[in-house]
Amino acid sequence: MSEKKYTYEGTDIEVRYDLNRCIHAAECVHGLPAVFDPKGKPWVKPANASPDEVAEVVVRCPTGALHYHRKDGGSGEVAGANEIDVAADGPLYVRGSAVLRDAEGDVELRDTRVALCRCGLSKRKPLCDGSHSGAFADPGDLGDGGVKDVDSVEGSDLEIQAAKNGPLLVKGDFLLRAGDGTEQRRGNVVALCRCGLSKNKPFCDGSHREGGFEG
């Protein structure tokens, strides 16, 4: 996949944009339209608002497509507690100190925000590319069981490994939250479905084997 990364300079802050990770959640456009205007050229104009305002809206981006760099000595983004939100009809939104690994265990990405495919349709697996839109339906409820709490997990990172043709294997303290926010569970070990076929979403139930999932 070719890189499509852009930097938009302001006097006191710059905004960095990774087109390959954008699924048009539009948090930036709704949050600060004077800066983020899809019809503008360039579409990002950091000078149209204060650095604090720009930074505050950038971190709303749930996929990590947007990041900022303060040039005025202001503070950068700080990773908060590890959280995984199961979006209704959409991806897994991860916030915190996330480390994404491939099936061999090699690090693919480190970030404070990332969107992970759970419909099985993305062409950028394990990242979401928006393919779920109109093609995947799930309310984002938390199924039975799934989350474990064991004593052997150490460190503050949320380690996420995309198993070959299988689920997302997650280790590290986290809060897992349902799509409507009404239910949440804490733990440090879980296998999350990324084929879209589990009958116990968001947890893996082995359906990827029967469904012939490849990823």
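See the structure above.
Counting restarts for each chain, with residues numbered from 1 along the sequence as it is written. At least 70 in pLDDT is required for a residue's local features to be given in this predicted model, at least 80 for side-chain atom pairs to be given and counted, and no such filter applies to totals for whole chains, interfaces and linings, which use all residues. To get the side-chain values, all heavy atoms of the structure are used, and hydrogens and water are removed first.

Focus: the nonpolar core
- Counting 21 residues, the largest nonpolar core has Ile84, Val94, Leu116, Ile160, Val170 and Leu192 as its most contacted members.
- Residue assignment for this core shows that the elements contributing at least two residues are β4 (83–86), β5 (92–101), β6 (107–116), β7 (158–162), β8 (168–177) and β9 (184–192).
- Ignoring any residue separated from it by four or fewer positions in sequence, one finds Val94 in contact with Glu83, Ile84, Thr112, Arg113, Val114, Leu116, Leu158 and Ile160.
- Each nonpolar core is a collection of buried residues, namely Ala, Val, Leu, Ile, Met, Phe, Trp, Tyr and Cys, held together in the definition by side-chain atoms within 4.5 Å. Burial classes follow relative accessibility: with a 1.4 Å probe on protein chains only, a residue under 20% of its type's maximum area counts as buried, one over 50% as exposed, and anything between as partly exposed. If you look at the next biggest cluster of nonpolar residues, it comprises 20 residues, including Val15, Tyr17, Val58 and Cys61. Helix numbers and strand numbers start at the N terminus; a helix is a DSSP run of H or I with at least 4 residues, a strand a run of E with at least 2. Whether two residues are in contact is decided by their heavy atoms: any pair within 4.5 Å suffices.

Focus on unusual backbone geometry
- Pro42 follows Lys41 through a cis peptide bond whose omega is -5°.
- One can find Pro42 in the loop between α1 (27–31) and α2 (51–58).
- The omega torsion of the bond from Lys201 to Pro202 falls at 5°, within 30 degrees of zero and hence cis.
- Turning to its location among the elements, Pro202 is positioned in the loop between β9 and α3 (207–211).

Topic: the sheet that holds strand β1 (residues 5–9)
- One open sheet accounts for three strands, arranged β1-β2-β3; its pairing is antiparallel. One side of each edge strand has no neighbouring strand; the edge strands of this open sheet are β1 and β3 (66–70). Between one strand axis and the next, the sheet turns by 20° as a mean value, whatever way the strands run.
- The pairing criterion is simple: DSSP has to find at least two bridges between the two strands. As paired strands, strand β2 (residues 13–18) and β3 are joined by five bridges and run antiparallel to one another. Bridge pairing links Tyr17 to Leu66 in β3.
- For helices, the axis comes from a line fit to the C-alpha atoms of the stretch in contact; other axes are also lines fit to C-alpha atoms, and the angle between any two N-to-C directions lies between 0 and 180 degrees. Across the sheet, α2 touches β2 and β3, and the angle it forms with β3 is around 150°.

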